[in-house]
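Okay, here's what each chain looks like letter by letter:
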Amino acid sequence: MRSIHNLALIGFMGTGKSSIGRLAADSLHFTFLDTDQVIEARAGKSVDEIFQQDGEPAFREWERKMVEELAHREKTVIATGGGLPADKANLASLKTHALVICLWASPETIWERVRGHTHRPLLNEPEPIAKIRHLLAVREPYYRQADVLVNTELRSVREIAVQVVHQFHLAWSAHQ
Ligand code: S3P
């Protein structure tokens, strides 16, 4: 029997993991944790700087360490970096303690949401939509293993947060 005492939001960049996660944490009276923010604080540099200076493998190593620690958390809403669950062991670990909800959006919507931002090193590309499509295709088999898949198109962050909290309550009462 799984033990569910945390809520993990996974999904591509720009699907709203952090904003929805903050609202869900408020409503559940849980702590909110954003893996990118914790990694930045620990590394003393931004995710972008880690990618530029140390390379993507170094960033993924930070993520792996983070995932091990997450297993000791209680009553936490975790917003993961978009690539964190695209690793069998990371995803399996999240599932041992959290209800895993994947937020979904189309490549076009994702691009509309992130195009004004400069801090996403993977999308600093001449063909960002093609890159989004490619990464989504590679990650889809992982994202699909979430317990719940939530479409974030055409709905407000607040509405989605309500749905996410509802799903969590259902799972929590079923697993007590
Ligand atoms: C990444 C997503 C980013 C961040 C890093 C890599 C990815 O997080 O972890 O830039 O591989 O998709 P967000 O999904 O929070 O933007």
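Our structure is the block above this text.
First, a word on what this report is: a plain description of the structure on this page.

Scoring rules and cut-offs
- Residues numbered from 1 in each chain as written.
- Predicted model: local features only at pLDDT ≥ 70, side-chain atom pairs only at ≥ 80, totals over all residues.
- Heavy atoms only, no water.
- Pairing = 2+ DSSP bridges.
- Helix = DSSP H or I, 4+ residues; strand = E, 2+ residues; numbered from the N terminus.
- Axes fitted to C-alpha atoms, helices over the stretch in contact; angles between N-to-C directions.
- Contact = heavy atoms within 4.5 Å.
- Core = buried A, V, L, I, M, F, W, Y, C linked by side-chain atoms within 4.5 Å.
- Buried < 20%, exposed > 50% of the residue type's maximum accessible area, 1.4 Å probe, protein only.
- Parallel < 35°, antiparallel > 145°, perpendicular 65-115°, else oblique.
- Left-handed = near helix turned anticlockwise from the far one by under 90°.
- Nonpolar A, V, L, I, M, F, W, Y, C, P; charged D, E, K, R; others polar.

### So, the sheet that holds strand β2 (residues 31-34)
Right, on to step 1. Reading across from one edge, β2-β3-β1-β4-β5 is the order of the five strands in this open sheet, with parallel pairing throughout. Looking at which strands have only one partner, the edges of the open sheet turn out to be β2 and β5 (148-151). Strand after strand, the sheet turns through a mean of 20° between neighbouring axes, direction not considered.
Right, on to step 2. Two strands pair when backbone bridges link them, and β2 and strand β3 (residues 76-79) are joined in this way by four bridges, in the parallel orientation. When the bridges of β3 are listed, Thr-31 appears paired with Thr-76.
Right, on to step 3. In the packing of helix α7 (residues 128-143) onto the sheet, the strands contacted are β1 (6-11) and β4 (98-104), and the crossing angle to β4 comes to about 150°.

### Notes on the nonpolar core
Right, on to step 1. Membership of the largest hydrophobic core comes to 32 residues, with the highest contact counts inside it found for Ile-10, Phe-12, Leu-94, Val-100 and Ile-132.
Right, on to step 2. Going through the elements one at a time, β1, α2 (35-43), α3 (47-54), α4 (56-70), α5 (88-97), β4, α6 (107-114) and α7 are the ones with two or more residues in this core.
Right, on to step 3. Ignoring sequence-local partners within four residues, the contact set of Ile-132 consists of Phe-12, Pro-107, Ile-110, Trp-111 and Leu-123.
Right, on to step 4. In terms of nonpolar packing, the next biggest core, distinct from the first, is built from 20 residues, Leu-9, Ile-101, Val-150 and Ala-161 among them.

### A look at the packing of α4 against α5
Right, on to step 1. Direction vectors running N to C along α4 and α5 enclose 20°, while the axes themselves pass 9 Å from each other. Taken together, the axis directions place α4 and α5 in an arrangement best described as roughly parallel. The crossing of α4 and α5 is left-handed. Along the contact surface, α4 presents Arg-64, Val-67 and Leu-70, while α5 presents Asn-90, Ser-93, Leu-94 and His-97.
Right, on to step 2. Counted by class, the contact of α4 with α5 contains three nonpolar, three polar and one charged residues.

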